[in-house]
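# Residue-level structural notes
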Amino acid sequence: MLNLVLFGPPGAGKGTQSEKLIRKYNLVHLSTGDLLRSQIAAGTELGLRAKQLMDQGLLVPDEVVIGMIDNKLRENQAAQGFIFDGFPRTVLQAEALDQLLSLYKAPITIMVALVVNDEELIRRLLKRGETSGRPDDRDEATARRRVSVYNKETMPVADYYGQQGKFAAIDGIGEIDDIFQTICQKIEESR
Ligand SMILES: Nc1ncnc2c1ncn2[C@@H]1O[C@H](COP(=O)(O)OP(=O)(O)O)[C@@H](O)[C@H]1O
Ligand SMILES: [Mg+2]
C-alpha cells in the first residue's frame, strides 16, 4: 500500500503530477477540488454551498471535505493506495485523515510538497483561467486570495507531517518529467 499526499499551493502542479503518479503506482486519485467541482456540476445542495466559497478563493468547511474523503475511502477498499491531492488543507483535515486511514491500517507513506513562489503561482493560475473555465482562476484578486489562504491555513499541514518524519519538499519549477522523477525518488526512499 502506498498512500501519498501531494502537497503544494494552488497552481503548483499537483493535478499534472497526480495523473502521472496514478499510472505508475496504480493509485486511486482523490482530489477534493475535483470532487467538489463534480458536486457543482451535478447541481447538488453541497455543490451549491461549496461553490459560493470556492469562487471567492476560500476553503469549504472541514466536515464537508472530510465526509467526501470518508465516502471515497469506503468505496475503494480494494485499492492499492491513494494519492491525496488538495487534501488535507488544514491541520484538522490531516488529523481526520489519520483517523480514517487507521481503520484500514494503512497510514500516510509520505507527503511530497511542490515548492513554487507566489508570483509564478499567480502567473500559472491566471494562464489556466484563460481555458479552464474555473471561476477561481479567472481574476488576479481571487488567485491572490487563494495563495494567501494557502499560506495561512494550509502551510501548517507541512509541519504536521514533518513532525512524523514524513515530509519531503521539492522544487516545483522545471520540466514536468524532471519533477515527476524527483517525486518518484522521494517515494522510493520512503517505503
Ligand atoms: N481540502 C479542502 N478543504 C477545503 N476546501 C477545499 C479543499 N479542497 C478543495 N477545496 C475548495 O476547492 C477550491 C479548488 O481546489 P483545487 O481544485 O484543489 O485547487 P488547486 O488544484 O488549484 O489547488 C479551493 O480553493 C477550495 O475552495
Ligand atoms: Mg488541482
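Residues numbered from 1 in each chain as written. Chains lettered and ligands numbered in written order. Predicted model: local features only at pLDDT ≥ 70, side-chain atom pairs only at ≥ 80, totals over all residues. Heavy atoms only, no water.

## Observations regarding the site of ligand 1
Going by this rule: Being near a molecule or strand, for a residue, means having at least one of its heavy atoms within 4 Å of it. Polar contact is the term for a pair of N or O atoms within 3.5 Å; when the atoms are in protein, one must be able to donate a hydrogen and the other to accept it, and sequence-neighboring residues count only if both atoms are side-chain atoms. The Shrake-Rupley method, run with a 1.4 Å probe, gives the accessible areas here. Residue values count only the displayed protein chains as cover. The numbering of helices and of strands both runs from the N terminus, where a helix is a DSSP run of H or I of at least 4 residues and a strand a run of E of at least 2.
Neighbouring ligand 1 are 20 residues; Thr32, Arg37, Leu58, Arg128 and Arg146 lie closest to it. Within the backbone of leucine 58, a nitrogen or oxygen atom sits 2.5 Å from an oxygen atom of ligand 1. For ligand 1, a nitrogen atom lies 3.1 Å from a polar atom in the side chain of arginine 89. When ligand 1 sits alone it has 560 Å² of accessible area, and the protein chains cover 96% of it. Here the element with the most residues in the shell around ligand 1 is helix H2 (residues 32-41); it accounts for four residues.

## Quick look at the sheet that holds strand E1 (residues 2-7)
For clarity, the cut-off: Strands are treated as partners if at least two bridges between them are detected by DSSP. The angle between two axes is taken between their N-to-C directions and runs from 0 to 180 degrees, where each axis is a line fitted to C-alpha atoms and a helix contributes only its stretch in contact. Every residue pair with non-hydrogen atoms within 4.5 Å of one another is taken to be in contact.
Within the open sheet, the five strands sit side by side as E2-E3-E1-E4-E5. Their pairing is parallel. Where the open sheet ends on each side, the last strands, each with one partner, are strand E2 (28-31) and strand E5 (167-171). Adjacent strand axes in the sheet meet at a mean angle of 20° when their direction is disregarded. Where strand E4 (residues 110-115) meets E5, five bridges bridge the pair, whose relative direction is parallel. Counterpart to leucine 114 in the pairing with E5 is isoleucine 170. Seen against the sheet, H2 touches E2 and strand E3 (81-85) and runs at an angle of roughly 70° to E2.

## Focus: the confidence of the model for the protein chain
Note the following rule: pLDDT gives the predictor's per-residue confidence on a scale running from 0 to 100.
When pLDDT is averaged along the protein chain, the result is 97; 100% of the residues meet or exceed 70. In the predicted complex, the global pTM is 0.95; the interface-specific ipTM is 0.87.

## Examining helix H8 (residues 140-154)
This is how it is decided: To estimate how far a helix should extend, the number of its residues minus one is multiplied by 1.5 Å. Buried means the residue's accessible area, taken with a 1.4 Å probe over protein chains only, is under 20% of the maximum for its type, while exposed means over 50%, and partly exposed covers the values in between. Each C-beta atom gives one direction from the helix axis, and the arc is the one those directions make.
For H8, which comprises 15 residues, the first-to-last C-alpha distance of 20 Å matches the rise-based estimate of 21 Å (1.5 Å per residue) to within 8%. Taken as a whole, H8 has its buried residues at Thr142, Ala143, Arg146, Val147, Val149, Tyr150 and Thr154. Taken end-on, H8 shows its buried residues confined to a sector of 155°, consistent with a single buried face. Within H8, the exposed residues directed more than 90 degrees away from the buried face are Ala141 and Lys152. Along its buried surface, H8 packs onto E1, helix H6 (118-132), helix H7 (135-138) and helix H9 (156-162).

## Concerning the UniProt feature "binding site: AMP" (unreviewed entry) in the protein chain
Stated precisely, the cut-off is as follows: UniProt positions are given in the numbering used here, feature names are shortened, and annotations may be inferred rather than shown by experiment.
On the UniProt side, "binding site: AMP" (unreviewed entry) is annotated at positions that read Thr32, Arg37, Leu58, Leu59, Val60, Gly86, Phe87, Pro88, Arg89, Gln93, Arg134 and Arg146 here. With the annotated positions falling across 115 residues, the maximum pairwise C-alpha distance of 24.1 Å shows that they are not confined to a single cluster. Looking at the element boundaries, leucine 58 is found in the loop between helix H3 (45-54) and helix H4 (62-75). Its relative accessible area of 33% is what places leucine 58 among the partly exposed residues. In this structure, leucine 58 is in contact with Leu53, Arg145 and Val149, ignoring residues within four places of it in sequence. With respect to the helices and strands, glycine 86 occurs in the loop between E3 and helix H5 (91-102). According to the relative accessible area criterion, glycine 86 is buried, its value standing at 11%.

## Some thoughts on the nonpolar core
As a rule of thumb, soluble globular proteins bury nonpolar side chains together. Just so we agree on the cut-off: Remark: nonpolar core denotes a set of buried residues (Ala, Val, Leu, Ile, Met, Phe, Trp, Tyr, Cys) joined through side-chain atoms within 4.5 Å.
Counting residues in each nonpolar core, the largest one holds 31 residues, and the members touching the most others are Leu36, Ile69, Leu73, Phe84, Leu97 and Tyr161. Broken down by secondary-structure element, the contributors of at least two residues to this core are E1, H2, H3, H4, E3, H5, E4 and H9. Residue contributions to this core peak at six residues, all from H4. Aside from chain neighbours lying at most four places away, what touches tyrosine 161 is Val5, Pro88, Ala94, Leu97, Ile108, Met111, Lys166 and Phe167.

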